[in-house]
Amino acid sequence: MQEFRPASVIAADTALAESIRDGDVDAFGELVDRFAVPVTRVARHVAAERSDDVERDTFLFAWRRRHQFDPGRDFGPWMMALVVEAAGSELTEEVERMWTFASATATLPDERRDALRRLCVDGVAPDDDAVAADVARDKLRLDRRVEHLDDADRELADPLAWPDTDPMLSERVVTAIESELAAPGGSEVVEVAPARSQRLLRPVLIGLVAAMGVLLAVIVGLSALSGAPEPEDFSVPLVPTGLVLDVDGGDISVTERVAGIQLDLNAPTLPRRSGGNFYRGVLVLDSGAEVTVGTFAEGGDVILWGGVALADVSSFRVELDDLDGVVPDGDVVLKADFPAR
């Protein structure tokens, strides 16, 4: 079970894995939050009566084995194998299917996920037109993530595919980790040669309490230098102009970096262009000047770069273009206004 991951996602996952390997408990909390939904879904299926323990143990397994995970790999298959092992169960096609759907439904913020769940499970669309449009776009993206699976609509209509997670799960896991780290002698529990349905625990002495304080300070310093991904400066919706039918818009996330402006564009309803036809991304500056930031054939998970200062940019456009000069200049398909900075 492998999913396509854009280069930006691979870079962010690599930085997160390196921080976790270095012992950054806060970074590990991010991993818990990300995989809480699929872990909960599988745990409740394979170990319903003790699913809470299985959820916690899955992440404790991940913490204890963090040095066995190679930065750059996809966290998903690793976490799926751990939840099955924590439950003392087997990895089956049904479990993989559950994991895939739950992972897909977990990608949205809670409020938008709840609205999409009501649409898929109850067939109830939001009353507000703007919210309904956002939910429709979310549904399209969700459909694309699971379109390779049979009976996707039936699976998404199952309330079990949208589990509510324990809001205290991350806190419970972090508390358990901190308890291990603060054990007498400053020991941490490490697993050696784990079996599928059982685990062998071995305490490893890592120093006195005073020495451990120094070690943690070094880890924090290294984590700060590890190149963790910079946060988005902002995200704005891409508004369709109506030039191309059936384009529902999308969104663009903008981050100012040392090399320039990184633009993460997601407009999955843009039809694919080929045969010398393509889309062009354009930044419009306050001065009226235009800067091309890249070309692409379709709009799903596109990364564009502009070597200008973010403070000088007023808007962004997606235009039609081609190699033969047939498409008129200024054929705008999508546009987005940047907030005043």
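Our subject is the structure that appears above.
Presented here is an overview of the structure given in this document. (Residues numbered from 1 in each chain as written. Predicted model: local features only at pLDDT ≥ 70, side-chain atom pairs only at ≥ 80, totals over all residues. Heavy atoms only, no water.)

Examining the packing of aromatic side chains
Here is the rule we go by: Pairing of aromatic rings covers Phe, Tyr and the six-membered ring of Trp, with a centre-to-centre limit of 6.5 Å; geometry is then stacked below 30 degrees between planes, edge-to-face above 60, and tilted otherwise. Strands are runs of DSSP state E lasting at least 2 residues, helices are runs of H or I lasting at least 4, and numbering of each runs from the N terminus. Relative accessibility decides the category of a residue: with a 1.4 Å probe and only protein chains considered, values under 20% of the type maximum give buried, values over 50% give exposed, and everything between is partly exposed. Look at NZ for Lys and CZ for Arg. If either is within 6 Å of the ring centre and within 35 degrees of the ring normal, a charge sits over the ring.
Counted according to the given criterion, the structure contains 7 aromatic pairs. Taking 5.2 Å as the distance between ring centres and 75° as the angle between the ring planes, the aromatic pair formed by Phe234 and Phe338 counts as edge-to-face. With a gap of 104 residues between them, Phe234 in strand S3 (residues 234–240) and Phe338 in the segment after strand S10 (332–337) connect regions that are remote in the sequence. Here Phe234 falls in the buried class, since its relative accessible area comes to 10%. Through a chain of ring-to-ring contacts, three or more aromatic side chains come together here, namely Phe35, Phe69, Phe75, Trp78 and Trp99. Above the plane of the ring of Phe61 lies Arg65, whose end atom (NZ or CZ) is 4.7 Å from the centre. Geometry around Trp63 places Arg66 over its ring, the cationic atom sitting 3.9 Å from the centre.

Let's talk about helix H7 (residues 129–146)
What counts here: Each helix should span, by expectation, one fewer than its residue count multiplied by 1.5 Å. The criterion used for residue contact is that any of the two residues' heavy atoms lie within 4.5 Å. Throughout this description, a polar contact denotes any pair of N or O atoms lying within 3.5 Å of each other; where both atoms belong to protein, one of them has to be capable of donating a hydrogen while the other can accept it, and for residues adjacent in sequence the pair is counted only when both atoms sit in side chains.
Its 18 residues place the ends of H7 26 Å apart at the C-alpha level, agreeing with the 26 Å of an ideal helix rising 1.5 Å per residue. For H7, every residue scored as buried is listed here: Val135, Arg137, Asp138, Lys139, Arg141, Leu142 and Val146. Packing partners of the buried residues in H7 comprise helix H5 (93–105), helix H6 (110–122), helix H8 (152–156), strand S4 (250–257) and strand S5 (260–266). Where H7 begins, one side-chain oxygen reaches toward the backbone nitrogen of Ala130, 2.9 Å away; that side chain belongs to Asp128.

Some details on the pattern of salt bridges
Quick note on the threshold: Only one rule defines a salt bridge in this text: a Lys or Arg side-chain nitrogen within 4 Å of an Asp or Glu carboxyl oxygen.
Counted by the stated rule, this structure contains 18 salt bridges. Its salt-bridge partner being Glu298, residue Arg272 comes within 3.8 Å of it at the nearest N-O pair. Taken as a pair, Arg272 in the loop between S5 and strand S6 (277–285) and Glu298 in the loop between strand S7 (290–296) and strand S8 (302–306) lie far apart in primary sequence, 26 residues in all. Classification of Arg272 as exposed rests on a relative accessible area of 57%. When its relative accessible area of 43% is taken as the criterion, Glu298 is described as partly exposed. Each of Asp53, Arg56 and Asp57 takes part in salt bridges that share partners, so that together they form one network.

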